[in-house]
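Notes for the structure review
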Amino acid sequence: MNLYDPKRIPRSIIPENQEFPMLSLSSWVTPENKYYIRNHFPYPALPLNDWALKIEGLVQKPILLNYQALCQFPQIILPVTMECSGNKRAYFQPKARGVQWEQGAVSHALWTGVPLRTLLQVAGIMPNVREVIFEGMDTGERIDLPGTFRFARSLPVEKAMHPDTLIALCMNGKPISYKHGHPARLIVPNWYGMASVKWLYRIVATDQVFKGPFQNIDYVVYRSKKDSQRRPVTLMKVNSVISQPTDQTVLRRGKHFITGTAWSGQGSVKMVEISLDHGGTWNLVTWLDSEEKYSWRRWGWDWNVPVPGTYLIMVKATDDKGNIQPLQAEWNVMGYENNSISQIQVYIE
Ligand SMILES: Nc1nc2c(c(=O)[nH]1)N[C@H]1C(S)=C(S)[C@@H](COP(=O)(O)O)O[C@H]1N2
Ligand SMILES: [Mo]
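What you see is a predicted model; the values in this text were computed from it and never measured.

It is worth spelling out the UniProt feature "domain: Oxidoreductase molybdopterin-binding" (unreviewed entry) in the protein chain at this point. Here, the residues flagged by UniProt with the feature "domain: Oxidoreductase molybdopterin-binding" (unreviewed entry) are residues 40-212. Strand forms 38% of residues 40-212 and helix 10%; the C-alpha atoms that close the span are 14 Å apart.

Printed below as a string of structure tokens:
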């Protein structure tokens, strides 16, 4: 038994929101019981045995697939890093409204599932389809609108038809657990987590632009109420975290291993650099993981520190598209996409 086994960090009880304990970044794949949890509503009622996935709308023949039928289709396994677009919201200054995530609203798992496009082709998706809508089984109220809502999101048809957009049935080799979307969820590699709809039960192909509140009100980046340049949250920005040491730690003089992870949904992370002189000079880290299409890469760096004092450790990642973490991410009302350079302070005695 491992005596040192950090638990998830709660951020709210109902709906349940919990962070991955970044200190336990000892494995490339996040164990299911540590994978971050992000919900907008209370958990849906347990699906009955008669659960089936509907595919309808602009398709030649609408289909209804029960769990066994879904399992019959060819499946693929993909390691995917998923980050909530509100990750690191707590670090915005001034504060942005919403769950005050620190740095653990991100995880990495192996997802097994049927490519969505296989199912859309079986249903006979029509050429005039613009978007595909995904509905979860969870419902609840919003404070900004009257009525009851369902968590639902859409994808542009090109992304829905991408061979790696999955209707996932297994997470880390086991049927997806209830909290992570049992019996089936969408997995949209490279996109922020809101796209990966859990507890999936209905898929609708449409020639319209979907305007549900989780599409049109939430997950939109804007700098003020009057901002006319609103844009939807889509691909994950290049980002990194320092998992050890933790912020405000007191350490002895000598050797320390600084470690963490980095990812990008807009390319693949190519470089992580550390600065100990407020960004004056940067040192290349070494990779602990190899490069995989949709995966984070853990990194480490040997720090030899002979002189006592207060040290700022800064880390920045760069991807192969030339995206670099900024010193300060652009503030926005809803506090999304914070990918500022990671910084912690430690004291050497
Ligand atoms: N049905 C449903 N799907 C959902 C959500 C939700 O509240 N309901 N939250 C989304 C958001 S914002 C994120 S970041 C991911 C989190 O997935 P996880 O809880 O498995 O970590 O699920 C997405 N899918
Ligand atoms: Mo999210």
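Let us keep going from here.
Let's shift gears to the pattern of salt bridges. With the rule as written, the count across this model stands at 16 salt bridges. With a closest N to O distance of 3.7 Å, glutamate 102 and arginine 11 form a salt bridge. Here the residue glutamate 102 occupies a position in the loop between strand S5 (76-83) and strand S6 (106-115), and arginine 11 occupies one in strand S1 (residues 9-12), the gap between them amounting to 91 residues. Overall, glutamate 102 belongs to the partly exposed group, its relative accessible area being 35%. Its salt-bridge partner being glutamate 337, residue lysine 237 comes within 3.3 Å of it at the nearest N-O pair. Of the two residues, lysine 237 is situated in the loop between strand S14 (231-232) and strand S15 (239-244) and glutamate 337 in the loop between strand S22 (309-319) and strand S23 (342-348); the sequence distance between them amounts to 100 residues. The network of salt bridges with common partners includes Arg11, Glu19 and Glu102.

Let us look at the site of ligand 1. Among the 20 residues in the neighbourhood of ligand 1, the closest are listed as Tyr36, His40, Asp138, His180 and Lys198. Arginine 185 is positioned with one of its side-chain polar atoms (N or O) 2.8 Å from an oxygen atom of ligand 1. Separating a nitrogen atom of ligand 1 from a backbone N or O atom of serine 196 is a distance of 3.0 Å. For ligand 1, whose unbound accessible area comes to 540 Å², protein coverage reaches 100%. For the shell around ligand 1, a count of residues per class yields ten nonpolar, six polar and four charged.

Attention now goes to the domain arrangement of the protein chain. We note that the domain assignment places domain 1 (9-232) and domain 2 (239-348) within the protein chain. For domain 1 and domain 2, the distance between their C-alpha centres works out to 28 Å. Counting residues at the interface gives 43 residues for domain 1 and 31 residues for domain 2. Of the roughly 3,300 Å² buried where domain 1 meets domain 2, counting both sides, 56% is carbon and sulfur surface. A per-residue breakdown of the area domain 1 buries against domain 2 is headed by Leu25, Trp28 and Phe92, which together make up 21% of the total. Between lysine 293 and aspartate 164 there is a salt bridge; the shortest N-O distance is 3.5 Å. Put simply, domain 1 and domain 2 have 22 residue pairs in polar contact (both at pLDDT 80 or more) between them. For the side of domain 1 that touches domain 2, the elements supplying multiple residues, two or more each, are S5, S6 and strand S13 (220-221). The greatest single-element share of the side of domain 1 that touches domain 2, amounting to five residues, is contributed by S5. For the side of domain 1 that touches domain 2, the class distribution of residues is 20 nonpolar, 14 polar and nine charged.

Cut-off values and rules
Throughout this document, residue positions are counted from 1 along each chain, in the order its sequence is written. Think of it this way: whatever chain is written first is A, whatever ligand is written first is 1, and the rest follow in order. Restriction of local features to residues with pLDDT of at least 70 applies here, the model being predicted, together with a cutoff of 80 or more for giving and counting side-chain atom pairs; totals for whole chains, interfaces and linings are based on all residues. Water and hydrogen atoms play no part in the side-chain values, which are based on all heavy atoms of the structure. UniProt positions are given in the numbering used here, feature names are shortened, and annotations may be inferred rather than shown by experiment. Secondary structure elements are taken from DSSP: a helix is a run of H or I of four residues or more, a strand is a run of E of two residues or more, and numbering for both begins at the N terminus. For salt bridges, the criterion is a side-chain nitrogen of Lys or Arg within 4 Å of an Asp or Glu carboxyl oxygen. Relative accessibility thresholds used throughout: buried, under 20% of the residue-type maximum; exposed, over 50%; partly exposed, between the two (1.4 Å probe, protein chains only). When at least one non-hydrogen atom of a residue lies within 4 Å of a molecule or strand, that residue is treated as near it. Polar contacts, as used here, are pairs of N or O atoms within 3.5 Å; protein pairs need one atom able to donate a hydrogen and one able to accept it. Residues neighboring in sequence count only if both atoms are side-chain atoms. Note that accessible areas follow from Shrake-Rupley with a 1.4 Å probe, and for residues the cover is restricted to the protein chains shown. Residues are grouped as follows: Ala, Val, Leu, Ile, Met, Phe, Trp, Tyr, Cys and Pro are nonpolar; Asp, Glu, Lys and Arg are charged; all remaining types, including Gly, are polar. Domain limits in this description derive from either an automatic procedure or a database domain assignment. Contacts: residue pairs with any heavy atoms within 4.5 Å of one another. A quick way to say it: buried area is the sum, across both parts, of accessible area lost when two parts are put together, with a 1.4 Å probe.

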